[in-house]
Amino acid sequence: MRSIKTKLFGLGMAAAMLLSLAGCNLTTPSSVGTIGGVDIPAGVYLLAQYNAYNTASGLAELATGETANDVKAVLKAQCTGTIGDEEVTATGEEYIEKLTMRSIEYYAAVEKKFDELGATLEDAATSEVADSVESMWESNGDLYEANGIGKSSLEKFLLNAQKASTIMNVIYGPEGSNPVTEEEYSAYINDSCYYIETLQIPLVDYATYTMADDTQKEQIKVLAEQCRDELNQNAAGDTMSGNELYEAASTYVPQAMEVIGATMEDASQAMYYVGAQLYTPDDLASYGGDGYNNLTDPLDEAGMNQWTVVDLGTTLLVARRIDPLKAYTVDDLTGMYDLLTAMKSTELQDQFYADGAALEHALDEGAMKTYSASNIKKNV
């Protein structure tokens, strides 16, 4: 079973935000001032500004022929989007300023809270940051240097993410000042998450990337429905499926692949099409919204413990929802999944944004003008 990825604090997210950078080639000033007494290094400011640019460029109403790489065009264009809980319509330049300020306020709030708690980073966290910096520098060092960004700025940014994660554990972890209780975990698992057993029946021949045509899809749908009926007949109530699920996969997956011209040399490979996972609200949100969720609505319609067929476009999912606490303890599930982050990251993130905005701002307007968004470079 896969672990839930952190949506707020992980280095993966930070790395994704740093694939490209922008700014100017000036080496001074080294800081743009302070927020709450926390120094905001120029490199951190530039990273925040570039990330804000990428967001704004995706929202900008550009004229025909203009692209997201046209910095001047983006800065002048109208952008409409959500910043926090507020819908904002502004020029690209104004939108970038708002997002950049929000980002450095967050940075300052994390740094300040970390110091107030007297928290420390574990060696594993700092080593992970060091490795990430080296990897990113190897991949994009020329780009960083061209924009006046040094390794220390990358390190500060990534360490800030690790500090936010540490704060969460210091407050809400098992030894924290306000630990999440077993009852809270149980309520979250039961009320907000779905534990789903699945058998994936493919609609694509991945050897040739050929999608099943309408006739083939109907044939595979019949197989999926037969699989569903067989599993429902053999289902052992609300307990985890065992060999019957693997046996169904070894029967129906090869048949479905044969319909689309694919082959499975060894039927035991069908086990890779079987899975069971606890889905958090963020996981489930990726399957749709606007009043209909492509995964949860069919499961809700079928009812707990009942197998159903869910069409996900490239696969027909034979799936059912069950209560994981029938087979696992809360401790088991918190060990298997990062439920603390799933439960508390958004709450803590919102608190950091609010705290950062409320801190005293002693920013250097001249320095921020020096690092104007008009200096952003999309290519080196």
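To start, this report covers the structure provided alongside it. Quick caveat: nothing in here was measured; it's all calculated off a predicted structure.

## Some points on the overall build of the chain
Reasoning step 1: Along the backbone of the chain there are 14 helices and 11 strands.
Reasoning step 2: Each principal axis of the C-alpha atoms in the chain carries an extent, and together these give about 70 × 55 × 40 Å.
Reasoning step 3: Here the chain holds 380 residues, and the buried ones make up 46% of them.
Reasoning step 4: Sequence separation of 24 or more characterises 71% of the internal contacts of the chain that already satisfy a separation of 6 or more.

## Here's the deal with the sheet that holds strand E1 (residues 31-35)
Reasoning step 1: The antiparallel open sheet is built from 3 strands, whose spatial order is E2-E1-E11. The open sheet terminates on both sides in strands that have one partner only, identified here as strand E2 (38-41) and strand E11 (361-363). Looking at each pair of strands side by side, their axes are set apart by 20° on average, direction ignored.
Reasoning step 2: Strand direction decides the pairing type here: E1 and E11, joined by 3 bridges, are antiparallel. Bridge pairing in E11 links Gly33 to Leu363.
Reasoning step 3: Set on the sheet, helix H2 (residues 42-59) makes contact with E1 and E2; between it and E2 the angle comes to about 65°.

## Observations concerning the nonpolar core
Reasoning step 1: In this structure, Val32, Ile40, Leu339 and Phe352 are the most contacted members of the largest nonpolar core, which totals 57 residues.
Reasoning step 2: The next biggest cluster of nonpolar side chains, apart from the first, holds 24 residues, and it includes Ala212, Ala248, Ala249 and Trp307.

## Considerations on a negative patch on the surface
Reasoning step 1: On the surface, a cluster of negative charge is contributed by Glu182, Glu183, Glu184, Asp331 and Asp332.
Reasoning step 2: Of all elements in the fold, only helix H7 (182-192) and helix H12 (330-336) reach the threshold of two or more residues within the negative patch.
Reasoning step 3: With 3 residues, H7 is the single largest residue contributor to the negative patch.
Reasoning step 4: For Glu182, the position within the fold is in helix H7.
Reasoning step 5: The class for Glu182 is exposed, based on a relative accessible area of 52%.

## Remarks on the packing of helix H4 (residues 92-117) against helix H13 (residues 339-358)
Reasoning step 1: Their axes nearest at 7 Å, the elements H4 and H13 cross at an angle of 100°. With respect to their mutual orientation, H4 and H13 come out roughly perpendicular. Contacts from Arg102, Glu105, Tyr106, Ala109, Val110 and Lys113 of H4 reach H13 at Gln349, Phe352, Tyr353, Asp355, Gly356 and Ala357.
Reasoning step 2: Here the contact of H4 with H13 is composed, by residue class, of 6 nonpolar, 2 polar and 4 charged.

## A few points about the pattern of salt bridges
Reasoning step 1: Counted under the stated rule, the structure contains 6 salt bridges.
Reasoning step 2: Between Glu134 and Lys151 there is a salt bridge, with its nearest N and O atoms 3.2 Å apart. Remark: Lys151 occurs in helix H6 (residues 151-172) and Glu134 occurs in helix H5 (residues 123-146); sequence separation between them is 17 residues.
Reasoning step 3: Residue classification places Glu134 among the partly exposed residues on the basis of a relative accessible area of 43%.
Reasoning step 4: The partner of Asp311 in a salt bridge is Lys217, and the shortest N-O contact between them spans 2.8 Å. Separated by 94 residues along the polypeptide, Asp311 in strand E9 (residues 308-311) and Lys217 in helix H8 (residues 214-234) bring together distant segments of the chain.

## Some points on the environment of Ser103
Reasoning step 1: Locating Ser103 in the fold gives a position in helix H4.
Reasoning step 2: Residues Ser103 and Val44 lie 59 residues apart in sequence; the distance between their C-alpha atoms is 9.4 Å.

## Some details on the packing of aromatic side chains
Reasoning step 1: All told, the structure shown has 6 aromatic pairs when counted by the stated rule.
Reasoning step 2: Ring geometry for Tyr50 against Tyr53: centres 6.4 Å apart, planes inclined by 20°, an arrangement best described as stacked. You can see Tyr50 and its partner Tyr53 sitting in helix H2, 3 residues apart, about one turn around the helix.
Reasoning step 3: Centroid distance Tyr106 to Tyr353: 5.0 Å. Interplanar angle 45°. Geometry classified as tilted. Taken together, the residues Tyr106 in helix H4 and Tyr353 in helix H13 connect sequence positions 247 residues apart. Assigned by exposure class, Tyr106 and Tyr353 land together as buried.
Reasoning step 4: Taken together, the ring pairs connect Tyr106, Phe352 and Tyr353 into an aromatic cluster.
Reasoning step 5: Over the ring of Tyr194 we find Arg321, and its NZ or CZ is 3.7 Å from the ring centre.
Reasoning step 6: One cation-aromatic arrangement involves Lys344 over Tyr172; the distance from NZ or CZ to the ring centre is 4.7 Å.

## A look at the sheet that holds strand E5 (residues 194-202)
Reasoning step 1: Spatial strand order, E8-E5-E10-E9: 4 strands in an open sheet with antiparallel pairing. Looking at the sheet topology across the chains shown, the edges are occupied by strand E8 (274-279) and E9. Taking each pair of neighbouring strands and ignoring which way they run, the sheet shows an average axis angle of 35°.
Reasoning step 2: In terms of strand pairing, E5 meets E8 through 6 bridges, oriented antiparallel.

Rules and cut-offs
- Residues numbered from 1 in each chain as written.
- Predicted model: local features only at pLDDT ≥ 70, side-chain atom pairs only at ≥ 80, totals over all residues.
- Heavy atoms only, no water.
- Helix = DSSP H or I, 4+ residues; strand = E, 2+ residues; numbered from the N terminus.
- Buried < 20%, exposed > 50% of the residue type's maximum accessible area, 1.4 Å probe, protein only.
- Contact = heavy atoms within 4.5 Å.
- Pairing = 2+ DSSP bridges.
- Axes fitted to C-alpha atoms, helices over the stretch in contact; angles between N-to-C directions.
- Core = buried A, V, L, I, M, F, W, Y, C linked by side-chain atoms within 4.5 Å.
- Patch = residues over 30% accessible without salt bridge, like charges linked within 9 Å, V, L, I, M, F, W, Y side chains within 5 Å.
- Areas by Shrake-Rupley, 256 points an atom, 1.4 Å probe, with all protein chains shown as cover.
- Salt bridge = Lys/Arg side-chain N within 4 Å of Asp/Glu carboxyl O.
- Lys, Arg positive; Asp, Glu negative; His and termini not counted.
- Charge placed at Lys NZ, Arg CZ, Asp CG, Glu CD.
- Parallel < 35°, antiparallel > 145°, perpendicular 65-115°, else oblique.
- Nonpolar A, V, L, I, M, F, W, Y, C, P; charged D, E, K, R; others polar.
- Phe/Tyr/Trp six-rings, centres within 6.5 Å; stacked < 30°, edge-to-face > 60°.
- Lys NZ or Arg CZ within 6 Å of the ring centre and 35° of its normal.

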